[in-house]
Amino acid sequence: MERKKKLLVLTDTGGRYGYGHVMRCLNIVEALDPEYWEISFAAGMSDLECFDERFAKYRIYDFGASSMQQVASLPTSDWVLLDSFAVSQSLEIALKATGRSVFVIDGMLRPHNVDVLLDPIERPTKLRLAHSQFATLLLSGPRFAAIDRRFSEISALSSTAPTRIGVSMGSAKNAEDTDAILQSLERIGYNSDVHVVGGFDRRLKLSFPIKCSDWVSNGPELLSNCSAVIGTCGMSAWERCAAGVPSLSFQTIENQKHVANALAAEEAGLIVRDAPSRMMSAELDAYLKHFIHNSSIWERYAERGRRLCDGLGSCRIAQALEEFD
């Protein structure tokens, strides 16, 4: 039998980074054929504790993001999958000089010198060429969004009125945005169930039932039980699209701009170009009231979201890697 190819994943996770990077890397490697690939991760061990079950089959090296530049100290591998704010052309060239093939995920339009580049945003031709002129293979657009394929297999809770709203604003560091949304829901008289992902201030006086998950390893199950979700324009936006869940999506940081643009162009949900915690109460209340009290448009949001992203991106990426010569 032919020797398995070794793939080392270098990624940011936890703390100020959140879990979007490591989740999309995990979704990709889970789609690879284990008969032909040997996978290991280099990331902070404590940051992966909430993923014990999904990471149990992989070797984990306790390796901080600041150590990525020390190429000589990295474990040996045939491929490196790099998804990090620390990515740079100099790091990519150094990795390639060791004989490794390099696969980078980046949606921030930085120039790269890699074998495979994944950009989940569809770019105008001029921007795309500047971003990828030294990439042998470019995978771009929402059809390559690296999400869990289970999102494409679920049926979201169908309803013409909110029976359960999900609030998913990212990691616990975004608690102030979640708090702002919960307080706004209280002000506008919302009285159905809410499921919160991540942290929030438990001292808030809220009259509606609330359930909290510290982190969602069962994201598809959660979305299948929500009639709509309030979230960000990060990776989770593609998950909501694939699951057919109508969304109110906030662009909370600058690097979510391109996802927000893609969602707005397809009218795949209601898009707000600010973080809830930075908005005036009256303005935030107006957006939430408009979204929740106009549930007749939710079906259109769901249909257009699924048209934009079908949830099979990780499978397409895995196939491209396995066919790469």
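J.: Before we go on, may I ask you to explain the confidence of the model for the chain in this structure?
T.: Segments scoring low in pLDDT should not have their predicted coordinates read at a detailed level. Mean pLDDT over the chain stands at 85; residues scoring 70 or higher make up 84%. Predicted confidence in the chain is weakest over helix α4 (residues 125–132), with a mean pLDDT of 58, and strongest over strand β13 (residues 270–272), with 98.

J.: How do you make sense of the nonpolar core when you look at a structure like this?
T.: Generally speaking, nonpolar side chains in soluble globular proteins are found buried as a group. Ranked by size, the top nonpolar core spans 55 residues in total, and within it Val29, Phe41, Phe103, Trp238 and Leu263 carry the most contacts. Beyond its immediate sequence surroundings of up to four residues, Phe41 is in contact with Leu8, Val9, Val22, Cys25, Leu26, Val29, Phe55, Tyr58, Arg59, Ile60 and Tyr61. Judged by nonpolar contacts, the second largest core, of 27 residues, contains Ile188, Phe200, Ile230 and Tyr301.

J.: For this particular structure, what's the right way to read unusual backbone geometry?
T.: Working note: non-glycine residues mostly have negative phi, and peptide bonds are mostly trans. The phi angle at Glu267 is positive, at roughly 55 degrees, despite the residue not being glycine. Positionally, Glu267 belongs in the loop between α8 (257–266) and β13. Glu267 sits in the partly exposed class, given a relative accessible area of 37%.

J.: Explain helix α1 (residues 20–31) here, please?
T.: The α-helix advances 3.6 residues per turn, and as a result positions three or four apart in sequence lie on the same side. Here α1 contains 12 residues, and its C-alpha end-to-end distance of 17 Å stays within 8% of the 16 Å for a straight helix at 1.5 Å per residue. Most of α1 sits inside the fold, with 9 of its 12 residues counted as buried.

J.: Looking at this structure, I do not really get the pattern of salt bridges. What am I missing?
T.: Proximity of charged atoms lets side chains of opposite charge pair with each other. Applying the stated criterion to the full structure yields 12 salt bridges. Two residues, Asp201 and Arg203, come together in a salt bridge whose shortest N-O distance is 3.0 Å. Overall, Asp201 belongs to the partly exposed group, its relative accessible area being 22%. Assessed through its relative accessible area of 72%, Arg203 is described here as exposed. A salt bridge links Asp310 to Arg316; the shortest N-O distance between them is 2.6 Å.

Here is what the cut-offs are and how they apply
- Residues numbered from 1 in each chain as written.
- Predicted model: local features only at pLDDT ≥ 70, side-chain atom pairs only at ≥ 80, totals over all residues.
- Heavy atoms only, no water.
- pLDDT = per-residue confidence, 0-100.
- Helix = DSSP H or I, 4+ residues; strand = E, 2+ residues; numbered from the N terminus.
- Core = buried A, V, L, I, M, F, W, Y, C linked by side-chain atoms within 4.5 Å.
- Buried < 20%, exposed > 50% of the residue type's maximum accessible area, 1.4 Å probe, protein only.
- Contact = heavy atoms within 4.5 Å.
- Expected span 1.5 Å × (residues − 1).
- Salt bridge = Lys/Arg side-chain N within 4 Å of Asp/Glu carboxyl O.

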